[in-house]
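Close look at the chain arrangement
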Amino acid sequence: MAHIRRQVAVSDSLKFTTPGRVPFSVEFMPPRDDAAEQRLWSAAEAFHDLGVSFVSVTYGAGGSTRGRTLRVAEQLATKPLTTLVHMTLVEHTAEEIRSLIRTFADLGLTNLLALRGDPPGDPNAEWVQTEGGLLYTNELIEMVREMPECENFDIGIASFPEGHFRAADLEMDTQYTLAKLRAGAEYSITQMFFDVDHYLRLRDRLAAADPEHGSKPIIPGLMPITSLRAVRKQMELAGASLPKSLERRLLDAAKGDEEGNKAAIREVGIEVTSEMAERLIAEGAPDLHFMTMNNVRATQEVLHNLGMAPAWGPGYGHDMVR
Ligand SMILES: Cc1cc2nc3c(=O)[nH]c(=O)nc-3n(C[C@H](O)[C@H](O)[C@H](O)COP(=O)(O)OP(=O)(O)OC[C@H]3O[C@@H](n4cnc5c(N)ncnc54)[C@H](O)[C@@H]3O)c2cc1C
């Protein structure tokens, strides 16, 4: 068995702040092939050197990517990296979930992001409960909290600045998010968003509805925009919106030719994420969580703009990673 270092609880890692600088963390996806896996290890090393507070690994809908999630998380946790494993309810019985969670516990992977997951293929399709499976994420949290071997688990959840697309309204969304926090989650990581006001309203809604549980840390999820096509697709999958003013800025940079003006679009994207991050830091966000798609450069450029990382370039030893 791989030698996994004792993991810092993600909710504890949020306490390591210094004035003007907040912790940052990154999301990785399990790689599809050997070349992608090599890129992932280079990225993990680069983020380690940049002082990442924790790395998370997403959990896919299909069988083979699921095995890779565990394998990658296990490998990451042998390095000096705090590792957060995503876990979903899709196409699993409760018994299978329990057994997977036991494997995490045996391996020392004690940071869990509890999620429901979306239907494989079409995330917007009807959500069908697996026979003998769980229906909502709060049930997963309750299950883990009752497992004696998971006593030292630190559990996070997803939260949604614009409300989850399956929730009837923001009031219901608030109540369901609170149910997960009351069930024993310590913090949440948000769906990506591009309007900081949405994040601030979510924070206000939760704290007003339940000052004790609703005031737990909310980590903003940020995706540096590097292409218009990619961001539109991500927003559609997430059921979230791109503010009109931002779309205008990106379209102006594209000048009617998205392919030909990729660099200009990317520049605006990095600028926008940097501005958002600056405002989030000023508003006291506990950590900045970057959805990296396993690439380093865009995130590093944002961190550099915030004075939290050296500039990217061959002179800095990062020319081998994207
Ligand atoms: C940071 C982050 C990371 C993610 N990582 C992954 C990943 O690795 N793999 C993946 O497949 N997906 C991932 N997702 C997507 C996530 O699984 C989906 O957005 C999913 O649709 C919602 O998950 P949840 O845990 O919030 O669900 P739940 O909290 O279970 O909520 C699901 C829906 O049901 C409603 N609801 C909740 N409780 C009740 C109740 N008691 N009665 C009625 N309605 C209720 C909620 O309002 C919501 O609309 C991630 C999302 C985020 C924000």
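Up top is the structure.
Being a predicted model, the structure only gives us computed values, none of them experimental. (Residues numbered from 1 in each chain as written. Predicted model: local features only at pLDDT ≥ 70, side-chain atom pairs only at ≥ 80, totals over all residues.)

**Observations concerning the site of the ligand**
Around the ligand, the structure places 23 residues, and the nearest of them are T58, H86, R116, A158 and R166. Contributing elements (two or more residues each) for the shell around the ligand: helix 6 (170-182) and strand 6 (187-190). It is helix 6 that provides the largest number of residues to the shell around the ligand, a total of 4 residues. When grouped by side-chain class, the residues that make up the shell around the ligand number 9 nonpolar, 9 polar and 5 charged. (Near = placed C-beta within 6 Å. Helix = DSSP H or I, 4+ residues; strand = E, 2+ residues; numbered from the N terminus. Nonpolar A, V, L, I, M, F, W, Y, C, P; charged D, E, K, R; others polar.)

**Structural notes on the environment of V10**
Along the chain, the position of V10 falls in helix 1 (residues 10-13). Residue class for V10 comes out buried when judged on the 28 C-beta atoms lying within 10 Å of it. Spatially, the C-alpha atom of V10 lies 25 Å from that of D197, the residues being 187 residues apart in sequence. (Buried ≥ 20, exposed ≤ 12 C-beta atoms within 10 Å, placed from the backbone.)

**Some points on the nonpolar core**
Core analysis: the biggest nonpolar cluster contains 75 residues, and V55, V85, L112 and A114 have the highest contact counts within it. Here this core gets 6 residues from one element, more than from any other, and that element is helix 10 (residues 262-282). Setting aside its immediate chain neighbours within four residues, A114 contacts M87, T137, L140, I141, I155, I157 and A185. (Core = buried A, V, L, I, M, F, W, Y, C linked by C-beta atoms within 7 Å. Contact = placed C-beta atoms within 7 Å.)

**Observations regarding the sheet that holds strand 1 (residues 24-28)**
Taken in spatial order, the 9 strands make up an open sheet running 7-6-5-4-3-2-1-9-8, and their pairing is parallel. A strand with exactly one partner marks an edge of an open sheet, and here the two such strands are strand 7 (218-219) and strand 8 (221-222). (Pairing = 2+ DSSP bridges.)

**Here we look at the environment of P31**
Tracing the chain through its elements places P31 in the loop between strand 1 and helix 2 (34-49). Accessibility expressed as a C-beta count within 10 Å gives 19 for P31, which makes it partly exposed. If we skip the residues at most four places from it in the chain, P31 touches A36, E37, L40, R68 and N294.

**Quick notes on the environment of R5**
With respect to the secondary-structure elements, R5 resides in the segment before helix 1. Along the primary structure R5 and L76 are separated by 71 residues, whereas in three dimensions their C-alpha atoms are 9.8 Å apart. Apart from the residues within four sequence positions on either side, R5 is in contact with A77, T78 and P80.

**Some words on helix 10**
Over its 21 residues, helix 10 runs 30 Å from end to end, which matches the ideal 30 Å to within 8%, given 1.5 Å per residue. Of the residues making up helix 10, those classed as buried are I265, R266, G269, I270, V272, T273, M276, A277 and L280. End-on view of helix 10: buried residues confined to an arc of 165°, all on one side of the axis. Structural note: helix 10 exposes A263 and A282 on the side pointing more than 90 degrees away from its buried face. Check the buried side of helix 10 and you find it contacts helix 7 (196-209), strand 8, helix 8 (228-238), helix 9 (244-254), strand 9 (288-291) and helix 11 (297-305). Directly beyond the C-terminal end of helix 10, a positive phi value near 85° is found at G284. (Expected span 1.5 Å × (residues − 1). Arc of directions from axis to C-beta.)

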